[in-house]
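Each chain is listed here by its residues.
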Amino acid sequence: MVAAASGSVGGNPVIIIGGGQAAVQLCLALRKQKVATPILMLSEEAEYPYHRPPLSKSFLSGETDEEKLAMRPVSFYETKDVQVKLNTVVSAIDTVKQTVATESAEFTYEALVVATGARPRPLPLDSAYIDDGHLLDGVHLLRDVQHSRAIKSALEEASNVVVIGAGFIGLEFASVASAMAKNVTVFDTADRVMARAVSPDISSWFEQTHRANNISIRLGDSVREIIGDEKVTRVIASSGEELDCDLLVVGIGVLPNVELAAAAGIDCDNGIVVNKYCETSVANVYAIGDCSYHPNSFYSNKMIRLESVQNATDQARVAAGCIAGDKKPYHAVPWFWSDQGEHSLQMAGLSDAADQFVRRAGATDDNFSVFHFSAAKLQSVDSVNSPRDHMLARKLIAEQVSPTPEQAADPEFDLKSLLP
Amino acid sequence: MPKVTFIDADGTRHEVEGKNGISLMEIALSNNIDGIEAECGGSCMCATCHCFIEDDFTAGVPAMESDEDEMLGFTAVDRKPSSRLSCQIKMADELDGIEVQLPSEQN
Ligand SMILES: Cc1cc2nc3c(=O)[nH]c(=O)nc-3n(C[C@H](O)[C@H](O)[C@H](O)COP(=O)(O)OP(=O)(O)OC[C@H]3O[C@@H](n4cnc5c(N)ncnc54)[C@H](O)[C@@H]3O)c2cc1C
Ligand code: FES
């Protein structure tokens, strides 16, 4: 805990490693909690914090300009007494001396918040790389604004687009590319799209919808080899088929950025291990956002790692509370959204434990939700073009009231009547 | 440029200029007005950009879509008839002089 009283400026700062969603929310939450300690944000990126969700959606399609990506104007940081150092990679943490080191400097912290996020899982294909380990021209990952800018400009010229990975980012990008009349093929080794995240019913609806929009979807298949001397020209599928390709986007998941914390002796697993207060195994060091491996109180304190705006924001508040001396545990229903072309997919809760899926119909075939139950208790809800179901699901799960599967399946039944 | 006045819950007024086509939420953030949080960045997913637009100022304000309507059931301060999500309203000439009341809490 650091000085919470206002006016106690000076002394060592709260240091945040990372300049993403979680970092900004932490600054906001600390100031809202009246923590007056200076804040030092160290980010390896060249830009002030920006929103990532548009990078695979409206920024690529041109609907959102670059200037709208920034989470806050530059003046915000000054107003909030946050010193931001961009292009600054933190290379070591010393938890005994309470310092962090960069190439050229060392900073002492009052409290340290690790918000290093995650990085794209690299494509395990030798042919994707040129000699110096760089990706072959035309092969792209998608995590930061530089990636997205590069893809956006490649899209102008591209005709044959291949996507590896039918997850959220892959399908969002594929939808944008196909709306630009590109020839788009998506590969995934799984037998359905978004297999790790949504119910089979939702997968098959999106698969059909994307196919109807001329996106070719190859399931149970992947790219075996990428061909091209200076630039990708073709790919060979595991099935043996060869396809022309001038733009290849890889979206096969992410790896949490834990190495820095691990090297400092902080416990790491599938992320930096934290308790319900976002505290790591080392005193005065917190971890929040995509890099944190944390318990969720709505699901028997199961340890999970989430990649979502919701989680980054809610964990930022929890860590800020601890630093301000107003310690409150993380208690949040996970939610997420993905816009794919014209369609909106919204998810509330965690579905891993589900043993029963119930479809709730909406006004048309393009509006419905799938309710996931475990032992007849509601676990999570995936909604397609049904914001009302999604919002009700967030409330039902938060209040821990479960409709019966029969009630969920009956569109005439008013789910709202179950809420206190 | 058309003008917008944001009014904090404590009555403090902030008169700022807004570019056409930019949402009221974005105008508030670019002027460092704290009463808007906008966690989801304008995706109509978080309801932390809640505001009130009283009858005197609703002329020219577009009607809400169903997702905004649903999301308004999730605001930190209770919804009122004048409740809107500021990320869903884009600035336009017709809105010149609009007053936007901010709630005391967003989450
Ligand atoms: C293309 C895309 C689309 C998405 N769409 C959605 C969506 O629709 N809905 C949703 O809920 N979520 C979405 N997400 C996920 C969401 O953006 C993330 O969950 C969120 O950004 C996590 O915030 P974070 O601060 O934990 O990590 P990040 O935003 O990744 O920030 C981490 C920061 O730490 C920096 N960093 C890492 N290591 C160091 C170091 N050693 N020194 C200095 N700096 C370092 C990184 O460069 C980065 O700036 C999307 C993500 C992407 C990439
Ligand atoms: S900014 Fe999230 S709903 Fe408006």
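Residues numbered from 1 in each chain as written. Chains lettered and ligands numbered in written order. Predicted model: local features only at pLDDT ≥ 70, side-chain atom pairs only at ≥ 80, totals over all residues. Heavy atoms only, no water.

Enquirer: Mind showing me how you'd approach the site of ligand 1 here?
Expert: All names here are of chain A. Ligand 1 sits among 32 residues. The nearest are Glu45, Arg52, Lys57, Arg143 and Asp290. At a separation of 2.9 Å, an oxygen atom of ligand 1 approaches a polar backbone atom of serine 308. One nitrogen or oxygen atom from the main chain of tryptophan 337 is found 2.9 Å from an oxygen atom belonging to ligand 1. Burial of ligand 1 by the surrounding chains reaches 95%, relative to a free accessible area of 990 Å². Where the shell around ligand 1 is concerned, the elements lending two or more residues are helix 1 (21-32), helix 8 (309-324) and strand 23 (335-340). (Near = heavy atom within 4 Å. Polar contact = N/O pair within 3.5 Å; in protein donor to acceptor, adjacent residues only side chain to side chain. Areas by Shrake-Rupley, 256 points an atom, 1.4 Å probe, with all protein chains shown as cover. Helix = DSSP H or I, 4+ residues; strand = E, 2+ residues; numbered from the N terminus.)

Enquirer: Would you mind showing me how to read the packing of aromatic side chains here?
Expert: For any pair of aromatic rings, the description consists of the separation of the ring centres together with the inter-plane angle of the planes. Residues and elements named next belong to chain A. By the definition in use, this model includes six aromatic pairs over all chains. Judged by centre distance (4.9 Å) and plane angle (80°), the ring pair of tryptophan 205 and phenylalanine 206 falls under edge-to-face. Comparing tryptophan 205 with phenylalanine 206, the two get one shared label, buried. Taken together, the ring pairs in this structure connect Tyr48, Phe76 and Tyr77 into an aromatic cluster. Its end group placed over the ring of phenylalanine 76, arginine 72 keeps NZ or CZ at 5.6 Å from the ring centre. The residue whose ring lies beneath arginine 359 is phenylalanine 368, and the NZ or CZ to ring-centre distance is 3.7 Å. (Phe/Tyr/Trp six-rings, centres within 6.5 Å; stacked < 30°, edge-to-face > 60°. Buried < 20%, exposed > 50% of the residue type's maximum accessible area, 1.4 Å probe, protein only. Lys NZ or Arg CZ within 6 Å of the ring centre and 35° of its normal.)

Enquirer: Would you explain the interface of chain B and chain A in this entry?
Expert: It is common to report an interface's size as the accessible area lost on association of the parts. Facing the 25 residues of chain B at the interface are 26 residues of chain A. Roughly 2000 Å² is buried in total at the junction of chain B and chain A, and carbon and sulfur atoms are behind 52% of that figure. Considering only the side of chain B, the residues that lose the most area to chain A are Glu39(B), Met45(B) and Phe74(B), jointly responsible for 32% of the buried surface there. The tally of links between chain B and chain A comes to seven salt bridges. A salt bridge links Lys80(A) to Asp34(B); the nearest nitrogen and oxygen atoms lie 2.7 Å apart. Counting across the interface, chain B meets chain A through ten residue pairs in polar contact (both at pLDDT 80 or more). Where the side of chain B that touches chain A is concerned, the elements lending two or more residues are helix 1 (24-30) and helix 2 (66-71) of chain B. When its residues are assigned to classes, the side of chain B that touches chain A shows nine nonpolar, eight polar and eight charged. (Contact = heavy atoms within 4.5 Å. Buried area = accessible area lost by both parts, 1.4 Å probe. Salt bridge = Lys/Arg side-chain N within 4 Å of Asp/Glu carboxyl O. Nonpolar A, V, L, I, M, F, W, Y, C, P; charged D, E, K, R; others polar.)

Enquirer: How should helix 8 of chain A be read in this particular structure?
Expert: Each full turn of the α-helix corresponds to 3.6 residues, which orients residues three or four apart in the same direction. When the terminal C-alpha atoms of helix 8 of chain A are compared, their 22 Å separation across 16 residues agrees well with the 22 Å that a helix rising 1.5 Å per residue should span. Downstream of helix 8 of chain A by a residue or two, Gly325(A) has a phi angle that is positive, lying close to 85°. (Expected span 1.5 Å × (residues − 1).)

Enquirer: How should I be thinking about the sheet that holds strand 26 (residues 368-374) of chain A in this particular structure?
Expert: Residues and elements named next belong to chain A. Pairing within the open sheet is antiparallel, and its five strands lie in the order 23-24-27-26-25. Strands with a single pairing partner mark the edges of an open sheet, and in this sheet they are strand 23 and strand 25 (356-361). Taking the axes of each pair of neighbouring strands and ignoring which way they run, one obtains an average angle of 20° across the sheet. Pairing geometry for strand 25 and strand 26, over six bridges, is antiparallel. Note on strand 26: the bridge partner recorded for alanine 361 is phenylalanine 368. This element, helix 6 (residues 200-212), spans strand 23, strand 24 (343-349), strand 25, strand 26 and strand 27 (377-384) of the sheet and lies at about 165° to strand 24. Seen against the sheet, helix 9 (residues 387-399) touches strand 23, strand 24, strand 25, strand 26 and strand 27 and runs at an angle of roughly 10° to strand 24. (Pairing = 2+ DSSP bridges. Axes fitted to C-alpha atoms, helices over the stretch in contact; angles between N-to-C directions.)

Enquirer: I keep staring at the pattern of salt bridges and nothing clicks. Help me out?
Expert: It is possible for side chains of opposite charge to pair when their charged atoms get near one another. Scanning all chains against the criterion turns up 28 salt bridges over all chains. The salt bridge involving Lys68(A) is made with Glu26(B); its shortest N-O contact spans 3.5 Å. Taken together, the residues Lys68(A) in the loop between helix 2 (58-61) and helix 3 (74-79) and Glu26(B) in helix 1 connect one chain to another. One salt bridge in this structure joins Arg388(A) and Glu70(B), with 3.4 Å as the shortest N-O distance. Of this pair, Arg388(A) sits in helix 9 while Glu70(B) sits in helix 2, on two different chains. Overall, Arg388(A) belongs to the partly exposed group, its relative accessible area being 36%. Among the residues examined, Glu70(B) registers a relative accessible area of 19% and is labelled buried.

Enquirer: What exactly am I supposed to notice about the domain arrangement of chain A here?
Expert: Residues and elements named next belong to chain A. When its domains are assigned, chain A resolves into domain 1 (14-119 + 255-324), domain 2 (122-252) and domain 3 (342-418). Contacts between the two partners involve eleven residues from domain 2 and, on the opposite side, 14 residues from domain 3. Regarding the contact of domain 2 and domain 3, the summed buried area is about 970 Å², with carbon and sulfur atoms giving 74% of it. For domain 2, the biggest contributors to the area lost against domain 3 are Asp201, Ile202 and Trp205; these three give 50% of the whole. On the surface where domain 2 and domain 3 come into contact, there are one salt bridge. A salt bridge links arginine 359 to aspartate 201, with the nearest nitrogen and oxygen atoms 3.0 Å apart. One can count three residue pairs in polar contact (both at pLDDT 80 or more) joining domain 2 with domain 3. Of the residues contributing to the side of domain 2 that touches domain 3, the split by class is eight nonpolar, two polar and one charged. (Domains from an automatic or database assignment.)

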